[in-house]
Amino acid sequence: MINKFVNITSFNKLLTYLVALLPLILISGPFFSDLLISLSSIIFLLIIISKKKYKYFNNLFTYIFLSLCAYYILRSILSENIYLSLESSLFYIRFGIFSILIFYLLDNEKSFKNLFLYSLLFAFFILVVDGFIQYLFGYNLIGLPYESNRISSFFGEEKILGSYLSRLFPILVALVFISDLSHKMKITLIITAIGAVAGFAYASVLGCDSVCSMTSSSLNTTVYGAFAGLLIAFPISKKIKKK
């Protein structure tokens, strides 16, 4: 009966756009991020059940993950505060389902990797620009202040801008490699990214105090490094194009 309500093409497109929005939704906070993951996972399960595509769950990764989930739930049941413990462990399974969903989209939707890459690039761009504005003027684009010598951008009091960028950066690089972008664009993005990482590393290891305007902030050196990488990338990409 569920088969009548599930149009696999439409649902695949819906999932593609929902998951591609994740890098931007993460900036808003945990509520909408969890909502997107949970909703996407439910839609994905409807597709799997209606179309009997169980092969995506029939693998070692799924078996290990389900075993871990069962172990965490069992520990929660045996804990002193069962309800509080189950609150986190019972629904942990949604992250495993969401991981399989991403593999499913990579396998079935050619546009997904490019859309996710564009979304991630836009998220990085807006965060870096907003963070730079916050550092220079004391407030970001929505009025959040620069406090405790830490740039937070749209994250506000959470101050997890560095964590966000560093954790999603490997995914960004991987997507550049597997995307359908031109070879010239891939080279440009990768060299620019290397410059940004080199700038961030320089500030972390060799940066000085506030008297050095260029190297006193990791954001400064990251932006300068990215710009230097971009300048280096242009002549290299042009030579590759000529060949």
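Residues numbered from 1 in each chain as written. Predicted model: local features only at pLDDT ≥ 70, side-chain atom pairs only at ≥ 80, totals over all residues. Heavy atoms only, no water.

Now for the overall build of the chain. Scanning the chain from terminus to terminus reveals 10 helices and zero strands. Taking all 243 residues of the chain together, the buried fraction comes to 36%. Put simply, of all contacts in the chain between residues at least 6 apart along the chain, 64% involve residues at least 24 apart. Within the structure as shown, the chain displays about 14,900 Å² of accessible surface, and the carbon and sulfur contribution to it stands at 69%. (Helix = DSSP H or I, 4+ residues; strand = E, 2+ residues; numbered from the N terminus. Buried < 20%, exposed > 50% of the residue type's maximum accessible area, 1.4 Å probe, protein only. Contact = heavy atoms within 4.5 Å. Areas by Shrake-Rupley, 256 points an atom, 1.4 Å probe, with all protein chains shown as cover.)

A few words now on the side chain of Glu109. Summarising the element assignment, Glu109 is placed in the loop between α6 (93-108) and α7 (112-137). Only 3.4 Å separates the side chain of Glu109 from the side chain of Lys13, close enough to count as a polar contact. If we skip the residues at most four places from it in the chain, Glu109 touches Asn12, Lys13 and Thr16. (Polar contact = N/O pair within 3.5 Å; in protein donor to acceptor, adjacent residues only side chain to side chain.)

With that settled, consider the nonpolar core. Phe44, Leu101 and Tyr164 are the most contacted members of the largest nonpolar core, which has 37 residues in total. Breaking this core down by element, the ones donating at least two residues are α1 (8-20), α2 (22-28), α3 (30-51), α6, α7 and α8 (161-178). Apart from the residues lying within four places of it in its own chain, the contact partners of Phe44 are Leu15, Phe57, Ile97, Ile100, Leu101 and Tyr104. (Core = buried A, V, L, I, M, F, W, Y, C linked by side-chain atoms within 4.5 Å.)

There is a patch of nonpolar side chains on the surface, built from Leu60, Ile64, Leu68, Tyr71, Tyr72, Tyr92 and Phe95 and spanning about 670 Å² of accessible area. Structurally, Tyr92 can be placed in the loop between α5 (82-89) and α6. You can call Tyr92 partly exposed: its relative accessible area is 37%. (Patch = residues over 30% accessible without salt bridge, like charges linked within 9 Å, V, L, I, M, F, W, Y side chains within 5 Å. Salt bridge = Lys/Arg side-chain N within 4 Å of Asp/Glu carboxyl O.)

For the pair α3 and α6, interaxial distance at closest approach is 9 Å and the crossing angle is 65°. Between α3 and α6 the crossing geometry is left-handed. Only Arg94, Phe95, Ile97, Phe98, Ile100, Leu101 and Tyr104 of α6 make contact with α3, whose side of the interface consists of Asp34, Leu36, Ile37, Ser38, Ser40, Ser41, Phe44, Leu45 and Ile47. Grouping the amino acids of the contact of α3 with α6 by side-chain chemistry returns 11 nonpolar, three polar and two charged. (Axes fitted to C-alpha atoms, helices over the stretch in contact; angles between N-to-C directions. Left-handed = near helix turned anticlockwise from the far one by under 90°. Nonpolar A, V, L, I, M, F, W, Y, C, P; charged D, E, K, R; others polar.)

On to the packing of aromatic side chains, then. Two descriptors summarise a pair of aromatic rings, namely the distance from one centre to the other and the angle between the planes of the rings. According to the stated counting rule, one finds 13 aromatic pairs in the structure shown. Between Phe44 and Tyr104 the ring centres are 5.2 Å apart and the planes differ by 50°, which places this aromatic pair in the tilted class. Here Phe44, found in helix α3, pairs with Tyr104, found in helix α6; they are 60 residues apart in sequence, far enough to count as distant. Of the two residues, Phe44 and Tyr104, both sit in the buried class. For the pair Tyr71 and Tyr72, a centre-to-centre distance of 5.8 Å together with 50° between the ring planes defines the contact as tilted. (Phe/Tyr/Trp six-rings, centres within 6.5 Å; stacked < 30°, edge-to-face > 60°.)

With that settled, consider the packing of α7 against α8. At a closest axis distance of 10 Å, the pairing of α7 and α8 adopts a crossing angle of 145°. The two elements α7 and α8 cross, and the hand of that crossing is left-handed. Residues Lys113, Phe116, Leu117, Leu120, Leu121, Ala123, Phe124, Leu127 and Val128 of α7 touch α8, and the partners they reach there are Leu161, Tyr164, Leu165, Leu168, Phe169, Ile171, Leu172, Leu175, Val176 and Ile178. The class makeup of the residues in the contact of α7 with α8 is 18 nonpolar, no polar and one charged.

Okay, the environment of Ser38 next. Mapping Ser38 onto the fold places it in helix α3. Considered as a pair, Ser38 and Ile97 are 59 residues apart in the sequence and their alpha carbons are 9.2 Å apart.

Considering every residue of the chain, the mean pLDDT works out to 81; 85% of them sit at 70 or more. By mean pLDDT, the top-scoring element of the chain is α2 (93), and the lowest-scoring one is helix α10 (residues 218-242) (68). (pLDDT = per-residue confidence, 0-100.)

A word on α1. Compared with the 18 Å implied by 1.5 Å per residue over 13 residues, the 18 Å span of α1 between its first and last C-alpha is a close match. Those residues of α1 lying buried are Phe11, Asn12, Leu15, Thr16, Leu18, Val19 and Ala20. The elements touched by buried residues of α1 are α2, α3, α6 and α7. (Expected span 1.5 Å × (residues − 1).)

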